[in-house]
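Summary of the model geometry
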Amino acid sequence: MSPRNRSQIAARRQPRSRIFAALGDETRLALVAKLCSGQPRSISQLTNSQLTNSRLTKGSRLTRQAITKHLRVLESAGIVHGVRSGRESRFQFDPQPMAGIKEYLDHVSAQWDQALSRLKSFVED
Amino acid sequence: MDNRIEKRIELKAPVSRVWRALTDHREFGEWFRVRLDGPFVPGQISRGQMTYPGYEHVKWEAVVQKMEPERLFSFTWPHPKSFEKGEALQDYSKEPTTLVEFRLEKTASGTLLVLTESGFDNIPSDRRLEAFRRNEGGWTEQMKNIEKHVSQKP
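These numbers were taken from a predicted model, which means no experiment stands behind them. (Residues numbered from 1 in each chain as written. Chains lettered and ligands numbered in written order. Predicted model: local features only at pLDDT ≥ 70, side-chain atom pairs only at ≥ 80, totals over all residues.)

1. Examining the sheet that holds strand β4 (residues 59–68) of chain B
Formally: For two strands to be treated as a pair, DSSP must find at least two bridges joining them. Runs of E in the DSSP output that reach at least two residues are strands. Runs of H or I that reach at least four are helices, and both are numbered from the N terminus. Only the stretch in contact is used when a helix axis is fitted, and all axes are lines through C-alpha atoms; the angle between N-to-C directions ranges over 0 to 180 degrees. Two residues qualify as being in contact provided that their C-beta atoms, derived from the backbone, are within 7 Å of each other.
Spatially, the seven strands line up as an open sheet ordered β1-β7-β6-β5-β4-β3-β2 (chain B), and their pairing is antiparallel. The sheet is open, and its two edges are formed by β1 (4–11) and β2 (34–36) of chain B, each paired on a single side. On average, each strand axis in the sheet is tilted by 25° relative to the strand beside it, whichever way the strands run. Relative to β1 of chain B, helix α6 (residues 96–124) of chain A is tilted by about 20°, and along the sheet it contacts β1 and β7 (110–118) of chain B. Docked against the sheet, helix α1 (residues 15–23) of chain B engages β1, β4, β5 (72–78), β6 (97–107) and β7 of chain B, running at close to 160° with respect to β6 of chain B.

2. So, the packing of α6 of chain A against helix α2 (residues 25–32) of chain B
How two helices pack is summed up by the angle between their axes together with the distance between the axes. What counts is decided by this rule: These descriptions rest on fixed angle ranges, namely under 35 degrees for roughly parallel, over 145 for roughly antiparallel, 65 to 115 for roughly perpendicular, and the rest for oblique. The classification used treats Ala, Val, Leu, Ile, Met, Phe, Trp, Tyr, Cys and Pro as nonpolar, Asp, Glu, Lys and Arg as charged, and all other residues, Gly among them, as polar.
Packing of α6 of chain A against α2 of chain B leaves a shortest axis separation of 8 Å and a crossing angle of 120°. Compared by their axis directions, α6 of chain A and α2 of chain B come out oblique. Contacts between α6 of chain A and α2 of chain B involve A115, R118, L119 and F122 of chain A from the former and E30, W31 and F32 of chain B from the latter. Residues of the contact of α6 of chain A with α2 of chain B, tallied by class, amount to five nonpolar, no polar and two charged.

3. Remarks on the packing of α1 of chain B against α2 of chain B
Residues and elements named next belong to chain B. For the pair α1 and α2, the least separation of the axes is 5 Å and the interaxial angle reads 80°. Comparing their axes, α2 and α1 come out roughly perpendicular. Contact residues: α1 offers R20, A21, L22 and T23, while α2 offers E27, F28 and W31. Considered class by class, the residues forming the contact of α1 with α2 number four nonpolar, one polar and two charged.

4. A word on the confidence of the model for chain B
Residues and elements named next belong to chain B. This is how it is decided: Here pLDDT means the predictor's own confidence in every residue, given as a number from 0 to 100.
The predicted model of chain B has a mean per-residue pLDDT of 77, with 68% of residues at 70 or higher. Model confidence for chain B, summarised as mean pLDDT per element, is weakest for helix α3 (residues 126–135) at 40 and strongest for β2 at 96. Below pLDDT 50 for its whole length, residues 122–154 participates in 45 contacts with residues either more than four positions away or in separate chains. ipTM for the predicted complex: 0.73, alongside a pTM of 0.66.

Structure follows, in structure tokens:
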């Protein structure tokens with residue numbers, strides 16, 4: 001494996017583990033799912049829309065406070081951004097961090113291609 | 001989300017030959033470009049130094065998981081933030097790790113090697129994600145794009 005690519009991409013993937021951690025929760029995934037389908041939504045909208053989404057929250061409705069907490073985690077990973085709209089905050093999905101993960105996987109994948117082709121020459125010669 | 005890499009490669013060499021290239025630490029070091037301190041032993045840490053030109057300062061460290069002769073060789077290894085000189089870590093113990101598995105199968109012309117690297121995220125279950133795929137159009141779309149991209153570059 002060539003460490004070069006691994007290190008080049010490393011510079012741009014600072015919050016990667018945070019992104020993965022932020023996505024490793026059912027409620028937050030449900031929030032991301034809701035937000036990535038379009039327009040920014042307020043905390044009230046996200047709290048109220050749980051009714052249509054009950055299996056994602058295991059039937060128990062989360063409080064506004066709990067939703068806010070999850071949104072903050074997503075925000076700190078850069079997956080959503082808060083935008084002021086009048087008196088309330090709305091949250092907007094940002095595809096960039098997830099695109100970053102994809103890019104990292106692509107690089108690791110390319111390095112395996114190189115390493116395996118060296119293995120191939122090694123055992124076939 | 002697709003959190004694993006899978007590679008399949010046909011090798012025109014007997015399974016026993018490929019097994020040796022993978023698990024003999026000197027042979028592994030030759031094609032992988034690392035100088036390992038000692039043999040691979042399941043449950044033990046394998047240490048060494050990269051020999052890849054320009055990256056000789058990078059430490060190799062992995063924990064050998066399974067060695068099932070001529071079938072499966074696996075280890076976990078860290079994905080530290082950086083390998084650049086001055087930024088490369090000496091201590092990997094707190095870095096996130098992934099699982100690397102090499103599986104071998106005998107074929108008519110030699111050996112099929114299946115490599116997987118998994119655990120890039122800590123989402124506990126793929127099945128959980130299935131639920132979201134069914135429920136949410138937007139999420140499905142996003143995940144599809146990512147998966148497509150990853151799988152188009154095998």
